[in-house]
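# Working through the structure, step by step
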Amino acid sequence: MPRFMVERSFADGLEIPTTGAGAQSCLHVVQNNAEEQVTWVTSYVSTDRTKTYCIYDGPSAAAIERAAEANALPVTSVSEVRVLDPYFYTASGE
């Protein structure tokens, strides 16, 4: 399954409470994503909470965008990505 990085911008900052309501909100996102065969892997949030960088597995960039629309989440960019492990290069070429 391809992996994607999604950048999002939140002008007023992203606020997800660490309560049952916040957990329910995240569960709702996961359920909507499943409709598009999209899996939310992890997210990184800027310290000012105005940007997120989210990793998703899914069949296509279009599926990622449809899931975002179903969740009423903004999308600044979607990029298919691969893992680059710096340790892969250790001792190579010797």
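Up top you'll find the structure we're talking about.
Going along each chain's sequence as written, the residues are numbered from 1 onward. In keeping with the model being predicted, local features are shown solely for residues with a pLDDT of at least 70 and side-chain atom pairs are shown and tallied solely at 80 or more, while totals for entire chains, interfaces and linings include all residues. To get the side-chain values, all heavy atoms of the structure are used, and hydrogens and water are removed first.

### With respect to the sheet that holds strand β3 (residues 51-57)
At least two bridges found by DSSP between two strands is the condition for calling them paired. Working definition: helices are DSSP H or I runs of at least four residues, strands are E runs of at least two. Numbering for both runs from the N terminus. With respect to topology, four strands assemble into an open sheet ordered β2-β3-β1-β4, the strand pairing being antiparallel. At either margin of the open sheet sits one strand with a lone partner, and together these are β2 (39-45) and β4 (77-81). Here the strands of the sheet are splayed against their neighbours by 20 degrees on average, with no regard to which way each runs. Sheet analysis places strand β1 (residues 3-9) next to β3, joined by seven bridges and oriented antiparallel. Residue pairing across strands places valine 6 opposite cysteine 54, the latter belonging to β3. The criterion used for residue contact is that any of the two residues' heavy atoms lie within 4.5 Å. Under this scheme, a helix contributes an axis fitted over its contacting stretch, all axes are lines through C-alpha atoms, and angles between N-to-C directions fall in the 0 to 180 degree range. Those strands touched by helix α2 (residues 61-70) are β1, β3 and β4, and its axis lies near 40 degrees from that of β1.

### A look at the pairing of β3
Note on strand geometry: in a regular strand, side chains alternate between the two faces of the sheet. A simple rule labels every residue: compare its accessible area, found with a 1.4 Å probe on the protein chains alone, to the largest value its type can have, and call it buried under 20%, exposed over 50%, or partly exposed in between. Of all seven residues in β3, five are buried; the element is thus mostly enclosed. Two elements, β2 and β3, share six bridges in a ladder whose sense is antiparallel. What sits directly across from threonine 39, in β3, is aspartate 57. Taken together, β2 and the strand that follows it, β3, pair antiparallel across an intervening segment of five residues, in which arginine 49 is found at a positive phi of about 60 degrees.

### So, helix α1 (residues 20-35)
In this analysis, the expected span of each helix is defined as 1.5 Å times one less than the number of residues it contains. In this model α1 runs 23 Å from its N-terminal to its C-terminal C-alpha over 16 residues, within 8% of the 22 Å that 1.5 Å per residue would give. Along α1, the residues that are buried comprise Gly22, Val29, Asn32 and Asn33. One side of α1 holds all its buried residues, which, seen down the axis, span an arc of 105 degrees. Facing away from the buried surface of α1 by more than 90 degrees, the exposed residues are Gly20, Gln24 and Glu35. Each direction from the helix axis to a C-beta atom contributes to the arc, which is the arc of those directions.

### So, the side chain of asparagine 33
Here asparagine 33 lies in helix α1. Those residues within four positions of asparagine 33 in sequence are excluded, and the remaining contacts are Val38, Trp40, Tyr56, Ala67 and Asn71.

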